[in-house]
Number of protein chains: 4
Amino acid sequence: MNYKSDIEIAQACTMEPITRIAQKAGIDDRYLEQYGKYKAKINYSLLSENDAPDGKLILVTAINPTPAGEGKTTTIGLADALQRAGKKVVAALREPSLGPIFGVKGGAAGGGYSQVVPMEDINLHFTGDFHAISTANNLLAALIDNHIYQGNKLNIDPRRITWRRCMDMNDRQLRSVVDGLGGKSNGTPREDGYDITAASEIMAVLCLADDIDDLKARLSRLVVGYTYGKASEQKPVTAGDLHAEGAMCALLKDALKPNLVQTLEHTPAIVHGGPFANIAHGCNSVTATRMALKLGDYCVTEAGFGADLGAEKFLDIKCRMAGLTPNAVVVVASVRALKHSGGVSLGELDQENLEALERGLPNLLKHVSNIRDVFHLPCVVAVNAFPSDTGAELQLLQQKCRELGVNAVISEVWAKGGEGGAALAREVIRLCEEDNSGFTVTVRNLKVSAGAGFIVALIGEIMTMPGLPKCPAAENIDIDRSGRISGLF
Amino acid sequence: MNYKSDIEIAQACTMEPITRIAQKAGIDDRYLEQYGKYKAKINYSLLSENDAPDGKLILVTAINPTPAGEGKTTTIGLADALQRAGKKVVAALREPSLGPIFGVKGGAAGGGYSQVVPMEDINLHFTGDFHAISTANNLLAALIDNHIYQGNKLNIDPRRITWRRCMDMNDRQLRSVVDGLGGKSNGTPREDGYDITAASEIMAVLCLADDIDDLKARLSRLVVGYTYGKASEQKPVTAGDLHAEGAMCALLKDALKPNLVQTLEHTPAIVHGGPFANIAHGCNSVTATRMALKLGDYCVTEAGFGADLGAEKFLDIKCRMAGLTPNAVVVVASVRALKHSGGVSLGELDQENLEALERGLPNLLKHVSNIRDVFHLPCVVAVNAFPSDTGAELQLLQQKCRELGVNAVISEVWAKGGEGGAALAREVIRLCEEDNSGFTVTVRNLKVSAGAGFIVALIGEIMTMPGLPKCPAAENIDIDRSGRISGLF
Amino acid sequence: MNYKSDIEIAQACTMEPITRIAQKAGIDDRYLEQYGKYKAKINYSLLSENDAPDGKLILVTAINPTPAGEGKTTTIGLADALQRAGKKVVAALREPSLGPIFGVKGGAAGGGYSQVVPMEDINLHFTGDFHAISTANNLLAALIDNHIYQGNKLNIDPRRITWRRCMDMNDRQLRSVVDGLGGKSNGTPREDGYDITAASEIMAVLCLADDIDDLKARLSRLVVGYTYGKASEQKPVTAGDLHAEGAMCALLKDALKPNLVQTLEHTPAIVHGGPFANIAHGCNSVTATRMALKLGDYCVTEAGFGADLGAEKFLDIKCRMAGLTPNAVVVVASVRALKHSGGVSLGELDQENLEALERGLPNLLKHVSNIRDVFHLPCVVAVNAFPSDTGAELQLLQQKCRELGVNAVISEVWAKGGEGGAALAREVIRLCEEDNSGFTVTVRNLKVSAGAGFIVALIGEIMTMPGLPKCPAAENIDIDRSGRISGLF
Amino acid sequence: MNYKSDIEIAQACTMEPITRIAQKAGIDDRYLEQYGKYKAKINYSLLSENDAPDGKLILVTAINPTPAGEGKTTTIGLADALQRAGKKVVAALREPSLGPIFGVKGGAAGGGYSQVVPMEDINLHFTGDFHAISTANNLLAALIDNHIYQGNKLNIDPRRITWRRCMDMNDRQLRSVVDGLGGKSNGTPREDGYDITAASEIMAVLCLADDIDDLKARLSRLVVGYTYGKASEQKPVTAGDLHAEGAMCALLKDALKPNLVQTLEHTPAIVHGGPFANIAHGCNSVTATRMALKLGDYCVTEAGFGADLGAEKFLDIKCRMAGLTPNAVVVVASVRALKHSGGVSLGELDQENLEALERGLPNLLKHVSNIRDVFHLPCVVAVNAFPSDTGAELQLLQQKCRELGVNAVISEVWAKGGEGGAALAREVIRLCEEDNSGFTVTVRNLKVSAGAGFIVALIGEIMTMPGLPKCPAAENIDIDRSGRISGLF
């Protein structure tokens, strides 16, 4: 077929200057810091100096872990559709990690006709937030080792350092290393390792911090290791003990400011924060979401992957900490995916198969009923349309949803952009304009004691440092003399 | 005494918007990419699309390796003085490495009343150039190890990989490491190490590249290691063999663009590229210097440290490769430093001592005569003034210089900014407006075969990865809730 | 109390020349190789050149893993008691590992008045068997790494080498290492580690080999690692592929010969082979047991630790491979140990407690019934006597055993040597002179495919390289100028 | 040609029982500890309990570092020749390291018809001396790491441990390692390495020790590393600080006793101690030499390699420490070797070339004159005969030596054993029966402060851990079912 690639679609877009997008979003120029012509940072003081009422919060989630970008595509497409419907809307999205870009082909700025742009910049260095986090993370590591080298007043046991270095790169070679080799002047030999930057606790901290003071306080609580001694005598050592929080915070001062870009249809999008979904809450920053709520009548945001994991984390961690309540939840599904869970092999997904669809449906319905009955939130199912879907299949899916009191609507945002999300937008607006039924999360700014403020339980299989595949995407990425990048996805 | 610190002076300055500075320098808006309100990148296409004649090139060098920033201070002060003298002037400077900022107290954006601003940003992430270089360097490293992991078609011998990883941090712990540990799925155990980003060959490449095509060609020639086999059978492996140059170049696309900031007196300053003086040519980028020459009537630039090392490298490497010819050379000296080389201890430098000064003078005179007689360039000595200098001492110094046919003038730029450099500016203008005497470096774009295109011979003692001191500056750096950074220097 | 230490008792013994002990055992001088005056090796050709009928095989086992040496003490004491009873008897024992001697206090040559001597020599280098095994093990390791270094014709994947180095030392520092560091001329960096020599597969191989040819064949089958490639393409690499078996076997030629020493009462004892009980069969060598059976009317031998583990391994591995059938099994127990399993704390073991004894007894009875009913072997319980045992307790223990058709007799060999084992010897003789009931293990020389010929499943917690304790016994070991060693235990 | 290999010649020899050799040497049975039928250890108490006068000391040295065994061959042949001349003679030789046996083909028990036997045993484990040294060395290493692991009371800096592990193996993979990996329970990560056992300081200590007390004192002085702290605060840590010397000495008790074997012609040979010539004194033990002097009228011994290095070390270190004075020095040379140093290529050595011989001769004459004029010792040149030597060449060589007052005699010991050394023996006897000229080394038992008592300056190129060659000798070594070893050399 003659599909255009994501990057071709993105490069064909005539972007509006970021100053225009900011105006559209109602951002005063004094809060804006341009990064080139199409990106900007928004000062977080906008939040404290603006007392407009919050808009509606729309949460997009999916039935299963899906290839990167799928949830994002629907989120972006819905935002464009709501804008077409005359609403003032701001999307709030995670920013992508640079490292994985060079691995398996696959973007993280949306897809098809539902993307944020400039997609090359967003996928590469963007405004440097990940670099700032890597640097703050590694400054702390350097201060730990330097402290030991310079006499080790705090009595840190080098074998019990828990703070790892990080790099924004898929690099399995760095998962487990011995550093400090080469003699006394090169530090102290010890076992160490690197995580990808998205997995750094500093990323989680940044996404939850309100402002500089809150960030600094969280940074100073980061536990980096333990002192020498028997189990009973060991004491935790923190970044604060090393007087590291000021310098780290200085490094993070700009990374704390949310980034403004636009969708292909010029809807304002705030793209900020990108913690690993499998080890942290996996959502964009609290500040970004709050800002989008403040600026738009509608704020559309995404929740990590999988309604079971992503939505729960969004609701349990981010909403509790930030005092947020979604006005509607969009659960993304597709007939093909449900038939696949119903037992149909990939090669036979093109044929109508109502039995398989029926076998696969509980997978979706369970998520929907969780949203409705556990979290008491209004809900709509967005069915990603494929040409092979038959009328009977779509009818079955819609009927089963309706039995739970939920509407299922067709979404064609990947192929058609905002236009393809018209039905979805209508249903979302309907849900938001109805009265909401007894959602009770009202805790506000629950304070927690260390760093990011939640416990991460690493289960065996989770890799915090990915590797590159046999044919790294990096080999096909190129840039011509005019600066035009190709092969990005 | 009641001296203000560098950062206090810098923060007291009311900067002009970077768009105004660009206008002053004659940079059309279409070449400008803002990074916040006071920094911008200038597209290198400005060079090829502008056929104005070059201005005068002034090279500032010093008699000895001096604390970071000294050469820079005179360069900046002279630029301000030339502006006060009514000249259209653009300074061209190296950008500082972020890593050392957290080590020994001491800045790299000039000092006193001769600084470039915003100094915090310039000293921290600036516009992300160093991060882009680190990432390109480490992407190449990840591709090497991934290639071996995925079957090693190129037959790379892991023990003969010469490409090291890098980080923009003073971190001795990383000088020598073993990575790839933890079993087969974590790569291949091998000895590896990190250099500070300024020492990466990519930094050198970036500083010499003309444009994207030239950069990509240089990147593809980078040698990363050798194949298995006896000495006679070994073949070098290049970044090109790994198809890495396209992705690396995409990462470097913005780093290739020179950065525009301003001095405290609003003189335009192009700050770009910062290779380690002790392993590379140690000057700012060729593109930055060429751009400053194109935009200003006067371009003032600095040459690494020490006239013996820095100026020679500037003249031998950068000028040959870029076809540049300085119109005047400023050699920075001070009475105190000369008395110190003449044998006076630090505690007794306040007392007049003509004998010691005479013993120390040959140190300066040798440099001066090199400039005059070997390179055949017009020369002036800038004497950094101190309150303890006596009239007799200054007279002796000036007389000895005059015997070589060179004037020595007092410079007070650290304490007074451009005003303190008036005499120096006058002498520089005089030298430039005279006819020059037979300088013969006319080689243009000498092509060389690999990467940066020169051989680096690492002598035992040179560290390519610094360490932090006992009391790292990082411990005193802080930022308040309004975003104001303190303790930077 | 005024107990003598083991080493004091051993040094007070006037040993007979080893030539006299050999005569007593009926070993022709041509089979004997002296190692000093009190140790000798016996050539294994004695076995093939001697067609005398086998004696009776007595297996000593214990109810629980006990401190090293406990099973050995009863074995030695029973041998001495049988000799006092007029029988021609030869004990067959494991030889101790040198490494653990320097760790926790505790010997491995028996205890009290039931020891083999010269105990210092037996506990230290003895006749060099462990050294020969270490050397053969490490020669193989050196040949593997040298093969890779010299071009790696076999295409061995350094990350998949399974052959570890070994050392006869408790040294936790060597459990996990990276070797081959320091540049190309020092080999290939890889993850490696050391086991204690007793855990080397070569020890297991040596203990099962019949003669030089059998040993060489087993050595050549040792798997040392795997070739490069996907799982499906990997091939195992053996010692035979490296042509290592000849040199390894040359190193082991003397280690293959059983060692002859004497008990404190001058009973001949063959001490040979000492594989780790927790990773191999844990018994002395097949050759040693066969030789003792050939030479004595009675051969008393021990089975690792714990009847459940040790006896089963003896019967399942060693007896099957070697075609051996015990004529009687001695299960060692004590009232104190049974009361302890019955819930009595260590401090209260001195008080009579019949209820606790009854609660602890099933532990013993289960073992006894296994021997009787699963393996169908005659059985006797040897009760290690302690002064605190009461008549009622002993009566209860004996009655419960009798109910299973097994006699329990008092053993005082630790305190009294052979005299203290008189009752045990009588019961053993009675069992052996009765007809045996249907023991059916008759498999002879079951051939297996690789090295030792059985699969070792290492479960998480098993350490194959022990560490030293806080106060290593080594600190108290000394030797005076006359060569007398003290502090050994 | 049909030459027999060394091992074939050795195995064809009918050895006499070692008890007979001991009788011949006048060693009372109470000092003898047999190791099999043809090896024995001699208790060092023989020395203190025997007041016979010392015999004559003959030192054999060579003009150049020669393949292992060359000096040994002449030493053994001369001993046999002296025995044929009716003298009571005892050879004193170094014992070979087991490790190199598996590397490049080449023995260390003499060659041709001048060997010590049983050569297989001597070349393999012999009487376990090297194993005892390895074990003592590695026990000390284990105690150091255990001390640190258990709380590090002595405050040892793991980065400043100078005590290395050792192994009697050519194994380049172990030269440089990181051990203590795998987490807190596996010790402390640190850089470490292995030397071959012959290079252990314990070998040097053992070769210089008089008795157990002296050995223990030397062991306790061994420096193993330094404490934490600035250079001025660091304190050396010794084996004595770790209470290691007692256990180490217990391990070395038998290794301290010299070993007795025989030559092919049944001359007694004491073979004991084998320190690396390139890092220690490189001679056999002082005890062995003293014992040979006490037992024989003539003691023939060898001095490392190269008269320049070996003889000087013998005379400067061993003779000074032990109070020994050679009565005659034999310098081994050959016409071929001298022609080769004179510029003749290997392929043309068969042709007479008097000019080349004359050019090569100064190499020999310088050594000879050193012996005569610096050390004032009687000297004879032994010319290793080759079929290609011409009369004119031999005449020239002899004439030049005679001009220095030294006789040069033909030696054919490799091809003919003792018979081939008749002329050499005659000259040696003549020199010894003359009066000696003013040799003044009379220092007796010079005491020194640490361990071996001399400073070892390791120069760059010296490897203390050899590697194996491309085709390790180990691949060709084999043993048949009768125990006969082949392929050893």
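- In the nomenclature of an unreviewed UniProt entry, chain A is known as Formate--tetrahydrofolate ligase of Candidatus Scatomonas pullistercoris.
- Its UniProt record, at the heading Sequence similarities (unreviewed entry), says of chain A: "Belongs to the formate--tetrahydrofolate ligase family."
- UniProt, in its Pathway (unreviewed entry) section for chain A, records the words "One-carbon metabolism; tetrahydrofolate interconversion."

### What about helix α9 (residues 245-252) of chain A?
Next, step 1: Within α9 of chain A, seven of the eight residues are buried, leaving the element largely enclosed by the surrounding structure.
Next, step 2: Taken together, the buried positions of α9 of chain A are Gly246, Ala247, Met248, Cys249, Ala250, Leu251 and Leu252 of chain A.
Next, step 3: Buried-residue contacts for α9 of chain A involve α6 (129-149), α7 (201-208) and α8 (212-220) of chain A together with β20 (478-479) and β21 (485-486) of chain B.

### Focus on the interface of chain B and chain C
Next, step 1: At the interface, 14 residues of chain B touch 14 residues of chain C.
Next, step 2: Both faces considered, chain B and chain C share a buried interface measuring about 1,200 Å² in area, 56% of it formed by carbon and sulfur atoms.
Next, step 3: Among the residues chain B hides against chain C, the three largest losses belong to Arg159, Lys184 and Glu191 of chain B. Together they make up 52% of the total.
Next, step 4: Taken together, the connections running from chain B to chain C amount to four residue pairs in polar contact (both at pLDDT 80 or more).
Next, step 5: Elements that contribute at least two residues to the side of chain B that touches chain C include exactly β7 (156-161) and β10 (190-192) of chain B.

### Describing the packing of helix α13 (residues 354-374) of chain C against helix α14 (residues 391-403) of chain C
All names here are of chain C.
Next, step 1: At their nearest, the axes of α13 and α14 sit 10 Å apart, and the two run at 35 degrees to each other. The two elements α13 and α14 meet at a crossing, and its hand is right-handed. Counting all contacts with α13, which are made through Leu354, Leu357, Glu358, Leu361, Leu364 and Leu365, the residues of α14 involved are Ala392, Glu393, Leu396, Leu397, Lys400 and Cys401.
Next, step 2: Taken together, the residues of the contact of α13 with α14 break down into nine nonpolar, no polar and three charged.

### Focus: the relation of the copies chain A and chain B
Next, step 1: Least-squares fitting of chain A to chain B yields an RMSD of 0.1 Å, with the superposition described by an axial translation of 0.0 Å and a rotation of 180 degrees. Considering both components of the superposition, the chain copies are consistent with a two-fold axis. Across chain A, the rotation axis passes nearest the C-alpha of tyrosine 35 of chain A, at a separation of 2.1 Å.
Next, step 2: Comparing interface residues between copies, 100% of those in chain A also lie at the interface in chain B; the contact surface is shared.

### Brief notes about the sheet that holds β7 of chain B
Residues and elements named next belong to chain B.
Next, step 1: A sheet is described by the order of its strands in space; here three strands give the open sequence β7-β12-β13, paired in antiparallel fashion. Edge positions in the sheet fall to β7 and β13 (236-238), since each has one partner strand and no second. Strand-to-strand, the axes of this sheet are offset by a mean angle of 50 degrees, without reference to chain direction.
Next, step 2: Of the pairings in the sheet, the one linking β7 to strand β12 (residues 223-227) comprises two bridges and is antiparallel in character. Each bridged residue has a counterpart across the sheet, and for isoleucine 161 the counterpart in β12 is glycine 225.

### A short note on the packing of helix α8 (residues 212-220) of chain C against helix α9 (residues 245-252) of chain C
Residue and element names in this part refer to chain C.
Next, step 1: The geometry of α8 relative to α9 is characterised by a closest axis approach of 9 Å and an angle of 135 degrees between their N-to-C directions. Of the possible angle classes, the one that applies to α8 and α9 is oblique. The two elements α8 and α9 meet at a crossing, and its hand is right-handed. Here α8 contributes Ile212, Leu215, Lys216, Leu219 and Ser220 to the contact with α9, which in turn contributes Glu245, Met248, Cys249 and Leu252.
Next, step 2: Broken down by class, the residue content of the contact of α8 with α9 amounts to six nonpolar, one polar and two charged.

### Some thoughts on the pattern of salt bridges
Next, step 1: Within the structure shown, the criterion is met by 116 salt bridges over all chains.
Next, step 2: We note a salt bridge from lysine 257 of chain C to aspartate 254 of chain C, for which the minimum N-O separation is 2.8 Å. The residues lysine 257 of chain C and aspartate 254 of chain C share a single accessibility class, namely buried.
Next, step 3: Close ionic contact of lysine 294 of chain D with aspartate 54 of chain D constitutes a salt bridge, the shortest N to O distance being 3.7 Å. Highlighted residues: lysine 294 of chain D in helix α10 (residues 286-295) and aspartate 54 of chain D in the loop between α3 (45-48) and β3 (56-62), separated in sequence by 240 residues.

### Regarding the side chain of arginine 172 of chain D
Next, step 1: With respect to the helices and strands, the residue arginine 172 of chain D is situated in the loop between β8 (165-167) and β9 (177-179).
Next, step 2: Despite its burial, arginine 172 of chain D pairs with no opposite charge, the nearest such side chain being aspartate 171 of chain D at 6.6 Å.
Next, step 3: At a separation of 2.7 Å, a polar atom in the side chain of arginine 172 of chain D contacts the side chain of asparagine 146 of chain C.
Next, step 4: Apart from residues lying up to four places away in sequence, arginine 172 of chain D is in contact with Asn146, Tyr149, Gln150, Ser185, Asn186 and Gly187 of chain C together with Met465, Pro466, Gly467 and Leu468 of chain D.

Each value, and the rule that gives it
Residues numbered from 1 in each chain as written. Chains lettered and ligands numbered in written order. Predicted model: local features only at pLDDT ≥ 70, side-chain atom pairs only at ≥ 80, totals over all residues. Heavy atoms only, no water. UniProt positions renumbered as here; feature names shortened; annotations may be inferred. Buried < 20%, exposed > 50% of the residue type's maximum accessible area, 1.4 Å probe, protein only. Helix = DSSP H or I, 4+ residues; strand = E, 2+ residues; numbered from the N terminus. Contact = heavy atoms within 4.5 Å. Buried area = accessible area lost by both parts, 1.4 Å probe. Polar contact = N/O pair within 3.5 Å; in protein donor to acceptor, adjacent residues only side chain to side chain. Axes fitted to C-alpha atoms, helices over the stretch in contact; angles between N-to-C directions. Left-handed = near helix turned anticlockwise from the far one by under 90°. Nonpolar A, V, L, I, M, F, W, Y, C, P; charged D, E, K, R; others polar. Least-squares fit on C-alpha atoms with pLDDT ≥ 70 in both. Pairing = 2+ DSSP bridges. Parallel < 35°, antiparallel > 145°, perpendicular 65-115°, else oblique. Salt bridge = Lys/Arg side-chain N within 4 Å of Asp/Glu carboxyl O. Lys, Arg positive; Asp, Glu negative; His and termini not counted.

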